[in-house]
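So you can see what is in the structure, the chains are spelled out below.
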Amino acid sequence: MKSKILRFMKRTNCPLTFWDYCATYCAQINNSIAHEHFQLHGETPFTKLTGQPTDISHLSEFGFFEWIYFRDNAKLFPLPKETLGCCLGPATHAGNAMSQYVLNDRGTV
């Protein structure tokens, strides 16, 4: 896992302060991939644990630290509501299943 996280951080040119978002993203990818382990029988760890098929749509929509446009409802009328930001991976406990953590132009998530 450590080498995968370091590769993602180098490849995306992500600042070191966001290593925890990268670690969460890598762990979610690892749990969504079928491994050749004798106890998994060709299934993903998530499917083996819960019995439900693995949904990877929240992982495949955006890449880690990829530039995206998002809607910022805090901006007032003359300013455009679509703002450029960086995707930091799926938000697990906020919003719907497709929610993502986004780094905005003010440097907050």
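Structure's up top.
Here the structure is a predicted model, which means the values were calculated and not measured.

So, how was this worked out
Residues numbered from 1 in each chain as written. Predicted model: local features only at pLDDT ≥ 70, side-chain atom pairs only at ≥ 80, totals over all residues. Heavy atoms only, no water. Helix = DSSP H or I, 4+ residues; strand = E, 2+ residues; numbered from the N terminus. Buried < 20%, exposed > 50% of the residue type's maximum accessible area, 1.4 Å probe, protein only. Areas by Shrake-Rupley, 256 points an atom, 1.4 Å probe, with all protein chains shown as cover. Lys, Arg positive; Asp, Glu negative; His and termini not counted. Charge placed at Lys NZ, Arg CZ, Asp CG, Glu CD. Expected span 1.5 Å × (residues − 1). Contact = heavy atoms within 4.5 Å. Axes fitted to C-alpha atoms, helices over the stretch in contact; angles between N-to-C directions. Parallel < 35°, antiparallel > 145°, perpendicular 65-115°, else oblique. Left-handed = near helix turned anticlockwise from the far one by under 90°. Nonpolar A, V, L, I, M, F, W, Y, C, P; charged D, E, K, R; others polar. Patch = residues over 30% accessible without salt bridge, like charges linked within 9 Å, V, L, I, M, F, W, Y side chains within 5 Å. Salt bridge = Lys/Arg side-chain N within 4 Å of Asp/Glu carboxyl O. Polar contact = N/O pair within 3.5 Å; in protein donor to acceptor, adjacent residues only side chain to side chain. Pairing = 2+ DSSP bridges. Core = buried A, V, L, I, M, F, W, Y, C linked by side-chain atoms within 4.5 Å.

Side note on the overall build of the protein
And then number 1: A count of helical and extended segments in the protein gives 4 helices and 3 strands.
And then number 2: Going residue by residue from the N terminus, the α and β elements of the protein occur as α-α-α-α-β-β-β.
And then number 3: Relative to its full complement of 109 residues, the protein shows a buried share of 32%.
And then number 4: With an accessible surface of roughly 7,700 Å², the protein has 59% of that area assigned to carbon and sulfur atoms.
And then number 5: If the 10 positive side-chain charges of the protein are averaged to one point and the 9 negative ones to another, these points end up 7 Å apart.

Concerning helix α2 (residues 19-31)
And then number 1: When the terminal C-alpha atoms of α2 are compared, their 18 Å separation across 13 residues agrees well with the 18 Å that a helix rising 1.5 Å per residue should span.
And then number 2: Turning to α2, its buried residues are Cys22, Ala23, Tyr25, Cys26, Gln28 and Ile29.
And then number 3: Tucked into the core, α2 has its buried residues touching α1 (2-12), α4 (57-60) and β2 (82-90).

Regarding the packing of α1 against α2
And then number 1: Put simply, α1 and α2 touch, their axes get as near as 9 Å, and they point 120° apart. Classified by the angle their axes make, α1 and α2 are oblique. Between α1 and α2 lies a crossing whose hand is right-handed. For the pair α1 and α2, the contacting residues are Lys4, Ile5, Phe8 and Met9 in the first and Trp19, Cys22, Ala23, Tyr25, Cys26, Ile29 and Asn30 in the second.
And then number 2: Considered class by class, the residues forming the contact of α1 with α2 number 9 nonpolar, 1 polar and 1 charged.

Focus on a nonpolar patch on the surface
And then number 1: On the surface, a nonpolar cluster with roughly 410 Å² of combined accessible area is contributed by Trp67, Tyr69 and Leu84.
And then number 2: Positionally, Tyr69 belongs in strand β1 (residues 66-71).
And then number 3: With relative accessibility at 63%, the residue Tyr69 sits in the exposed group.

Structural notes on the side chain of Thr44
And then number 1: Relative to the helices and strands, Thr44 is located in the loop between α2 and α3 (45-50).
And then number 2: Its relative accessible area of 12% is what places Thr44 among the buried residues.
And then number 3: Here the side chain of Thr44 touches Thr47 through a polar contact of 2.7 Å, side chain to side chain.
And then number 4: Ignoring sequence-local partners within four residues, the contact set of Thr44 consists of Asn31, Ser32, Ile33, Ala34 and Thr54.

A short note on the sheet that holds strand β3 (residues 100-103)
And then number 1: Taken in spatial order, the 3 strands of this open sheet run β1-β2-β3, and their pairing is antiparallel. Every interior strand has two partners, whereas the edge strands, β1 and β3, have only one. Direction aside, the axes of adjacent strands within the sheet are offset by 55° on average.
And then number 2: The pairing of β2 with β3 spans 3 bridges and is classified as antiparallel.

Topic: the nonpolar core
And then number 1: Judged by nonpolar contacts, the single largest core of 16 residues is most densely connected at Phe8, Cys22, Phe64 and Phe65.
And then number 2: For this core, the secondary structure elements donating two or more residues are α1, α2 and β2.
And then number 3: It is α2 that contributes the most residues to this core, 5 residues altogether.
And then number 4: The residues touching Phe64, leaving out its near neighbours within four places in the chain, are Phe8, Thr12, Cys14, Phe18, Tyr21, Cys22, Tyr25, Cys87, Leu88 and Gly89.

Keep in mind that these numbers describe shape and distance, not what the molecule does.
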